[in-house]
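Letter by letter, the chains look like this.
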Amino acid sequence: NDGNRKKFSGAGGIGLIASRLTLEGPIVKDKGSFMVSGRRTYIDQITNQVNNANSDNPDAVVIPGYYFYDLNAKVNYDLGENDRIYLSGYAGRDIFNFGTDNFDIGLTWGNRTATARWNHIFNPRLFMNVTATYSDYEYEITNEFSGFSFELGSAISDIGGSVDFSYAPNNDHAI
């Protein structure tokens, strides 16, 4: 979604286990726009309340906690008749926790990405995209058991770039 170039608007929703919100609007009317969208689950808040309500019951089963959130954003802008730039990003994380009096384990993982792209139109049949990207994935496992604890994690990051051209010599062919 490029965002609304004419007017500011928003949409959202509240559900049983998740909520979401999207805002979009012009940066400069008919020339550029933005869009920001986020969501979060809150099943962990429900399971925490259930676990707290059952804390005095030795036979109660402890329910693990889990939730995720993510955020998307995009900006685009016309630099001129033949040039447009796009900036976009994403961040998201999942969190899982399970614990009792003498045992606690946690697992988190998530991604972050960013992209910058310049689109140039040479003529109606030839255009170019120049793109720069960044991505990062990471996870972490934590554990504590009767005084023993450890953390284990890893991350992968990547930076990239590309230049591509599209040429359509006629309506039946594309290069």
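Here we summarise the structure given alongside this text. Quick caveat, the model's predicted, so the values are computed rather than measured.

Quick word on the environment of Lys7
Step number 1: Along the chain, the position of Lys7 falls in the segment before strand S1 (9–14).
Step number 2: On a C-alpha basis, the gap between Lys7 and Gly32 in space is 11 Å, while along the polypeptide they are 25 residues apart.
Step number 3: Here Lys7 is in contact with Glu24, Gly25 and Pro26, once residues within four sequence places are set aside.

Considerations on unusual backbone geometry
Step number 1: One non-glycine residue, Asp30, lies in positive phi territory at about 65 degrees.
Step number 2: Of note, Asp30 is situated in the loop between strand S2 (18–28) and strand S3 (32–41).

With respect to the pairing of strand S5 (residues 83–99)
Step number 1: The pairing of strand S4 (residues 65–78) with S5 spans 14 bridges and is classified as antiparallel. Looking at S5, one finds that Leu71 is bridged to Ala91.
Step number 2: Hairpin geometry of S4 and S5 is characterised by an intervening segment of four residues between the two adjacent antiparallel strands.
Step number 3: Note that S5 and strand S6 (residues 103–123) share 17 bridges and pair antiparallel. Among the inter-strand pairings, Gly99 is bridged to a residue of S6, identified as Asp104.
Step number 4: Taking the residues between adjacent antiparallel strands as the criterion, S5 and S6 are bridged by three residues.

Describing the packing of aromatic side chains
Step number 1: Enumeration over the complete set of coordinates arrives at six aromatic pairs.
Step number 2: Of the aromatic side chains, those joined through ring pairs into one cluster are Phe98, Phe103 and Phe145.
Step number 3: The positively charged end of Arg40 is found above the aromatic ring belonging to Tyr67, 3.9 Å away from the centroid.
Step number 4: Lying across the ring of Tyr86, Arg117 places its NZ or CZ 4.0 Å from the centre.

Things to note about the pattern of salt bridges
Step number 1: On inspection of all chains with the given rule, the structure shows eight salt bridges.
Step number 2: Here Lys6 makes a salt bridge to Asp30, at a shortest N to O gap of 2.7 Å. On the criterion of sequence distance, the pair formed by Lys6 in the segment before S1 and Asp30 in the loop between S2 and S3 is long-range, its members being 24 residues apart.
Step number 3: Residue classification places Lys6 among the exposed residues on the basis of a relative accessible area of 53%.
Step number 4: The residue Asp44 makes a salt bridge to Arg40 at a minimum N-O spacing of 3.1 Å.
Step number 5: On the accessibility criterion, Asp44 (6% relative accessible area) is buried.
Step number 6: Classification of Arg40 as partly exposed rests on a relative accessible area of 28%.

A word on the side chain of Glu24
Step number 1: With respect to the helices, strands and loops of the structure, Glu24 is situated in strand S2.
Step number 2: Salt bridges are absent for the buried Glu24, whose nearest opposite-charge side chain, Lys7, sits at 9.2 Å.
Step number 3: The residues touching Glu24, leaving out its near neighbours within four places in the chain, are Asn1, Gly3, Asn4, Lys7, Phe8, Ser9, Phe34 and Met35.

Quick word on the sheet that holds S4
Step number 1: Pairing is antiparallel in the open sheet, where eight strands are placed in the order S1-S2-S3-S4-S5-S6-S7-S8. With partners counted over all chains shown, the strands left at the sheet margins are S1 and strand S8 (148–167), one partner each. Each strand axis lies, on average, 5 degrees off the axis of its neighbour in the sheet, ignoring direction.

What counts as what
- Residues numbered from 1 in each chain as written.
- Predicted model: local features only at pLDDT ≥ 70, side-chain atom pairs only at ≥ 80, totals over all residues.
- Heavy atoms only, no water.
- Helix = DSSP H or I, 4+ residues; strand = E, 2+ residues; numbered from the N terminus.
- Contact = heavy atoms within 4.5 Å.
- Pairing = 2+ DSSP bridges.
- Phe/Tyr/Trp six-rings, centres within 6.5 Å; stacked < 30°, edge-to-face > 60°.
- Lys NZ or Arg CZ within 6 Å of the ring centre and 35° of its normal.
- Salt bridge = Lys/Arg side-chain N within 4 Å of Asp/Glu carboxyl O.
- Buried < 20%, exposed > 50% of the residue type's maximum accessible area, 1.4 Å probe, protein only.
- Lys, Arg positive; Asp, Glu negative; His and termini not counted.
- Axes fitted to C-alpha atoms, helices over the stretch in contact; angles between N-to-C directions.

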